[in-house]
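Fold and contact review
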Amino acid sequence: MEPLICTASTVGPTPLDSPSSVARLEAAAAARRAAASRGGLRIFLKFRTEVKKVDNAPNSLAALRSLFVDKFPEIKDKACFAVYVQHSTAHVWYEAERMEDVYHNAVLEAREKDAPSPKDLYLKDRSSSRRIDTGLFTDRMVFILVGLPARGKTYIGGKVCRYLNWLDLPTRVFNVGNYRRTKLGAKQDVNFFNPENEMGRTARLHMAVLALDDMFDWLGKGGRIGIFDATNTTKDRRQLLKSRCDDEGVQAVFIESICEDPAIIASNLKQVKASSPDFEGLPPEEAVQLFSHRVKLYEKAYQTIDKEEGLAYIKLFDVGRKIELENLPSSYLMGKIVFFLMNLHIIPRPIFLTRHGQSQDNENERLGGDSSLTTMGDKYAQALAGWISNRITPTNEDGTKRPAHLTVWTSTLIRAITTSQYIPKRKLHLKALDEIDAGLCTGMTYDEIAEKMPEEFAARAADKLRYRYPQGESYEDVIQVLYTTSKLLISFFSLMLIVI
């Protein structure tokens, strides 16, 4: 079961038809007229990753399109692009249809038809020479799961897969059980899994080979990490897998999950019974009985990994209670994987994420700072406490409520700490959760930055992700800090509320 991730926040873009939004639009129009009376609007033109300042905006969209062509020689034809403008308060992009959409210090972007999305461009750039050569992004590797059924192998494989894809490493799980269900059908007699049943053993080996072939075909087409999910409980099977990896020139690392905790095994049995297509439609008691019988058949042939096999392996006991390492390759990637597995657990719990209530700097549209909440922000803090209380208080069998164990994380800023003030739980204030440091721009509005520091305004518009405020941070800096915090997060067993 995956953690439930919820968000609760009233702080965000104001609806465009709300009274406050209308007032802001009127204010923006007034600012536009005032700027025009001073000699013209200042705007910023963006094409791809380049931004150029224009002190006197033209008076028509046709002239604006011509200006884009003059400023950016790469644009050959005025008909091959559309002009988008960023809304002054909601910060969403929409196609400009009239000059009234253009305001003082507006950012306008020429978007080519059929151009790659910003996400595609970013991912392409991340795979280029910008990366530090640590071997993390070039090595191909296979993780081979080992263990009896109901020992958390599939859960571990799925978590590792999500983690590596989050690191921007193309990773995919190849589950032999799914191949068996697709090719042979889910409803197999329990004797099919008997190691003494030669026909069943041959059929299962055939499914494993099909999964292996698909995995190496995928790795040959650009995949980086394959996860081979099967029991692989015999030495002969593991040697076959290692030989195939050696032939393909791919490093193989075995991950064996050993469960000695009856509670974990019982929990896994129940989850498999509830979710596996193998037992669909069966009464719960019968499903558990059949699956337990299947496990006993696998136990007859089960051989745990030992050093004499000469494998690179990680042994996990009770999903992280203890870990053993042997012959692992020395690499940046393996260090990350080992740390991740050491902090992994299978206890599901919700993680609630929320922004802080409205602060005084929010109300004045100023960056950064450490101001207190407004009256509206305090009302949100009270509403958040009630919202959390209604959702995390467990109910006893007799209908009474009992306290839940909730851990609250906040940034070290006043607005985040006071947003959590009405929640009577232990709190942890983390510097790593602080908002981006705007450096010399702290306390300024975006209009003030455009007026006083137009080069910085243009640089931020060109690449918000990598732009670093003078004497401040970039979003990439924040991501690196949060990466470390996320590793701490996965090690917690309690319900979590994070206020940022």
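This section reports on the structure supplied with the text. (Residues numbered from 1 in each chain as written. Predicted model: local features only at pLDDT ≥ 70, side-chain atom pairs only at ≥ 80, totals over all residues. Heavy atoms only, no water.)

Topic: the overall build of the protein chain
What the protein chain contains, in helices and strands, is 16 helices and 16 strands. Looking at the protein chain residue by residue over its 500 residues, the buried ones come to 44%. If you sum the accessible surface of the protein chain, you get close to 26000 Å²; carbon and sulfur atoms cover 53% of it. (Helix = DSSP H or I, 4+ residues; strand = E, 2+ residues; numbered from the N terminus. Buried < 20%, exposed > 50% of the residue type's maximum accessible area, 1.4 Å probe, protein only. Areas by Shrake-Rupley, 256 points an atom, 1.4 Å probe, with all protein chains shown as cover.)

A few points about a nonpolar patch on the surface
Together, L205, V209 and L240 give the surface a local cluster of nonpolar side chains, amounting to about 190 Å² of exposed area. Turning to its location among the elements, L205 is positioned in helix α6 (residues 198–220). (Patch = residues over 30% accessible without salt bridge, like charges linked within 9 Å, V, L, I, M, F, W, Y side chains within 5 Å. Salt bridge = Lys/Arg side-chain N within 4 Å of Asp/Glu carboxyl O.)

Thoughts on the packing of aromatic side chains
Tallied over the entire structure, the rule returns 11 aromatic pairs. Here the aromatic rings of F47 and F72 are separated by 5.7 Å at their centres, their planes lie at 50°, and the arrangement is tilted. With F47 in strand β2 (residues 43–47) and F72 in the loop between α2 (61–71) and β4 (81–86), this pair connects stretches of sequence that are 25 residues apart. Centre to centre, the rings of F68 and F72 are 6.0 Å apart; their planes meet at 25°, and the pair counts as stacked. (Phe/Tyr/Trp six-rings, centres within 6.5 Å; stacked < 30°, edge-to-face > 60°.)

Considerations on the pairing of strand β3 (residues 50–54)
By the bridge criterion, five bridges tie β2 to β3 in an arrangement that is antiparallel. Across the sheet, F47 pairs through a bridge with E50, a residue of β3. As consecutive antiparallel partners, β2 and β3 are separated by two residues, and within that stretch R48 has a phi angle of approximately 55°, a positive value. (Pairing = 2+ DSSP bridges.)

Focus on empty space enclosed by the protein
Applying the stated criterion across every chain yields a total of one cavity of 30 Å³ or more. One number sums up the size of the largest cavity: a volume of about 30 Å³. In terms of lining residues, the largest cavity is bounded by Y446, I449, E456, F457, R460, Y467 and Y469. Contributions of two or more residues to the lining of the largest cavity are made by α14 (446–452) and α15 (454–462). Considering each element in turn, the lining of the largest cavity owes the most residues, three residues, to α15. Of the residues contributing to the lining of the largest cavity, the split by class is five nonpolar, no polar and two charged. (1 Å grid on protein atoms, 1.4 Å probe; cavity = no way out; pocket = protein on both sides within 12 Å on 5 of 7 lines; lining within 4 Å. Points joined across faces, edges and corners; volume = space filled by probe spheres on them. Nonpolar A, V, L, I, M, F, W, Y, C, P; charged D, E, K, R; others polar.)

With respect to the environment of L219
Examined against the element boundaries, L219 turns out to sit in helix α6. Taking the relative accessible area as the measure of exposure, L219 reaches 2% and is therefore buried. Separated by 49 residues in sequence, L219 and P170 have C-alpha atoms that sit 9.3 Å apart.

What about helix α4 (residues 153–166)?
Look at α4: 20 Å from first C-alpha to last across 14 residues, which is about the 20 Å you get at 1.5 Å a residue. D168 sits one or two residues past α4 and shows a positive phi near 75°. (Expected span 1.5 Å × (residues − 1).)

A look at the sheet that holds β2
An order of β3-β2-β6-β4-β5 is seen for the five strands of this open sheet, with the pairing classed as mixed. For this open sheet the edge positions go to β3 and β5 (93–95), each flanked by a neighbour on one side alone. Recorded for the sheet is a direction-independent mean angle of 30° between the axes of neighbouring strands. Across three bridges, the pairing between β4 and β5 is antiparallel. Opposite Y84, over in β5, you have E95 as the bridge partner. Running at roughly 105° to β4, α2 makes contact with β2, β3, β4 and β6 (106–112) of the sheet. (Axes fitted to C-alpha atoms, helices over the stretch in contact; angles between N-to-C directions. Contact = heavy atoms within 4.5 Å.)

Overview of the nonpolar core
Residues F143, V160, L164, I337 and L341 are the most contacted members of the largest nonpolar core, which totals 25 residues. Among the elements of the structure, β7 (141–146), α4, β9 (225–229), β10 (251–258), β11 (313–317) and α10 (332–342) are those that each provide at least two residues to this core. Considering each element in turn, this core owes the most residues, six residues, to α10. Apart from residues lying up to four places away in sequence, V160 is in contact with I227, I337, F340 and L341. V146, A211, M215 and L241 belong to the second largest nonpolar core, which has 24 residues in total. (Core = buried A, V, L, I, M, F, W, Y, C linked by side-chain atoms within 4.5 Å.)

A look at the pattern of salt bridges
Applying the stated rule across the entire model yields 23 salt bridges. The salt bridge partner of D306 is K235, with a shortest N-O separation of 2.8 Å. Of this pair, D306 sits in the loop between α9 (284–301) and β11 while K235 sits in helix α7 (residues 235–248), placing them 71 residues apart in sequence. Measuring nitrogen to oxygen at the nearest pair gives 3.2 Å for the salt bridge that ties R415 to E435. With R415 in helix α13 (residues 414–419) and E435 in the loop between β15 (427–429) and α14, the pair connects residues that are 20 residues apart, well separated along the chain. The buried category is assigned to R415, whose relative accessible area is 3%.

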